[in-house]
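# Summary of structural features
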Amino acid sequence: HLITCVSCFGRFTEGERYFRQGEYENAISEFNRTLFLNVNDIKSLHLRARSYEELEEFDKAVEDYQTIIQYDPTYAQAYAGIGKLYWKREDYKNAQKYLLFAAKEDDKDFDILLMLGRAMLMNEDYQSADEFLQLAKELNPTDSRAYFYQGMARSQIGDILGAAGSFNMCLRYDPENITAKYNRGLILLLIGNSDWALEDFEDVLKANPNHIEALARRGNAKIDIDDPSGCKDLREAAEKGSLYAQMNLERCE
């Protein structure tokens, strides 16, 4: 029995090496050998599932993850694996369900919490998204993504100042995030900080001159601070189809 386990280990190490090199078919055949000798070797099952995932053989990956859960119902990464596969299929309800199981087994895994928060956003469960993204943020305070998605969640639940704070932090760690900049501009405009909002919309338009909604909002921000070129922005955005610009054109009459 000892000999089989030594050879098991050798096979696993080989399989792992193939996996790291992106040779997923070779990895799978090594893991098949390991699992032939030791059916409930969870590490081999996990990496075989990941290899299937990379090859987009999603059903086989799910099967392996479910086998892991049978052997070890507390194995968070198996639930997370199934959750991610549902996410890839755009089935966000089931993604949320399995990611929640994963987070219950391991509430210290940043990636699980981030993805769970994103699934909750997709399912319009904004309050819960805010809470789980808060946990993610505490685990990894310099990752801009948790702040970004939390900003989106907070905008939806009407926590405007909280959302502004989230987008601020997101931009501290990822100054190039144009969507965060645009959203922060919207909030600044809403709370009457039009000169700061103007700066954000300027940056968005520098990065993407065809952002019609940023052009419309820049127009409005300019009008707020008595810059006469605001009406030119609004008219141009209105011509290009911005409903927001069309609704605000009366400011120029």
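Structure report, in brief. (Residues numbered from 1 in each chain as written. Predicted model: local features only at pLDDT ≥ 70, side-chain atom pairs only at ≥ 80, totals over all residues. Heavy atoms only, no water.)

When its secondary structure is counted, the protein shows 15 helices and zero strands. Taken over C-alpha atoms, the radius of gyration comes to 25 Å for the protein, far larger than the 18 Å a tight globule of 253 residues would show. Considered along the principal axes of its C-alpha atoms, the protein spans approximately 85 × 30 × 30 Å. Out of the 253 residues belonging to the protein, those deemed buried represent 47%. Separation of charge centres in the protein, based on 30 positive and 44 negative side chains, amounts to 2 Å. (Helix = DSSP H or I, 4+ residues; strand = E, 2+ residues; numbered from the N terminus. Rg over C-alpha atoms; globule rule 2.2 N^0.38 Å. Buried < 20%, exposed > 50% of the residue type's maximum accessible area, 1.4 Å probe, protein only. Lys, Arg positive; Asp, Glu negative; His and termini not counted. Charge placed at Lys NZ, Arg CZ, Asp CG, Glu CD.)

Turning next to the side chain of R217. Along the chain, R217 falls in helix α13 (residues 212-224). For R217, a relative accessible area of 13% corresponds to the buried category. If we ignore the near neighbours within four places in the chain, the residues touching R217 are Y182, L186, L189, F201 and Y244. (Contact = heavy atoms within 4.5 Å.)

This part takes up the state of the cysteines. If you walk through the whole model with that rule in mind, you get one disulfide. Note on cysteine connectivity: C231 is disulfide-linked to C252, with sulfurs 2.2 Å apart. The chirality of the disulfide connecting C231 with C252 is left-handed, given an S-S dihedral of about -100 degrees. On the criterion of sequence distance, the pair formed by C231 in helix α14 (residues 230-239) and C252 in the segment after α15 (243-248) is long-range, its members being 21 residues apart. There is no split in this pair, since C231 and C252 are both buried. (Disulfide = S-S within 2.5 Å.)

We now examine α13. Along an α-helix, residues three or four apart share an orientation, since each turn contains 3.6 residues. For α13, with 13 residues, the first-to-last C-alpha span of 19 Å sits near the 18 Å given by 1.5 Å per residue. Residues A214, L215, A216, R217, R218, G219, N220, A221, K222 and I223 constitute the buried set of α13. Those residues of α13 hidden inside the fold are in contact with α11 (178-190), α12 (194-207), α14 and α15. (Expected span 1.5 Å × (residues − 1).)

As a further point, take the nonpolar core. Counting residues in each nonpolar core, the largest one holds 51 residues, and the members touching the most others are Y65 and L99. For this core, the leading source of residues is helix α7 (residues 110-122), giving nine residues. Beyond its immediate chain neighbours, meaning those up to four positions away, L99 contacts A80, G83, I112, M115, L116 and A119. Counting 19 residues, the second largest nonpolar core, distinct from the first, contains A197, L205, A216 and C252. (Core = buried A, V, L, I, M, F, W, Y, C linked by side-chain atoms within 4.5 Å.)

Glancing now at the side chain of Q150. Summarising the element assignment, Q150 is placed in helix α9 (residues 144-156). There is a polar contact of 2.8 Å between the side chain of Q150 and the side chain of D130. Apart from residues lying up to four places away in sequence, Q150 is in contact with D130, L133, Q134, K137 and S166. (Polar contact = N/O pair within 3.5 Å; in protein donor to acceptor, adjacent residues only side chain to side chain.)

In this section: the packing of aromatic side chains. All told, the structure shown has ten aromatic pairs when counted by the stated rule. Ring geometry for F19 against Y24: centres 5.6 Å apart, planes inclined by 65 degrees, an arrangement best described as edge-to-face. In terms of burial, F19 and Y24 fall into one category: buried. With centroids separated by 4.8 Å and ring planes inclined at 70 degrees, the aromatic side chains of W87 and Y92 adopt a geometry described as edge-to-face. The buried category is assigned to Y92, whose relative accessible area is 18%. Cluster of aromatic residues (ring-pair linked, three or more members): Y79, Y86, Y98 and F101. Its guanidinium or amino end placed over the ring of Y18, R17 lies 5.2 Å from that ring's centre, counting from NZ or CZ. (Phe/Tyr/Trp six-rings, centres within 6.5 Å; stacked < 30°, edge-to-face > 60°. Lys NZ or Arg CZ within 6 Å of the ring centre and 35° of its normal.)

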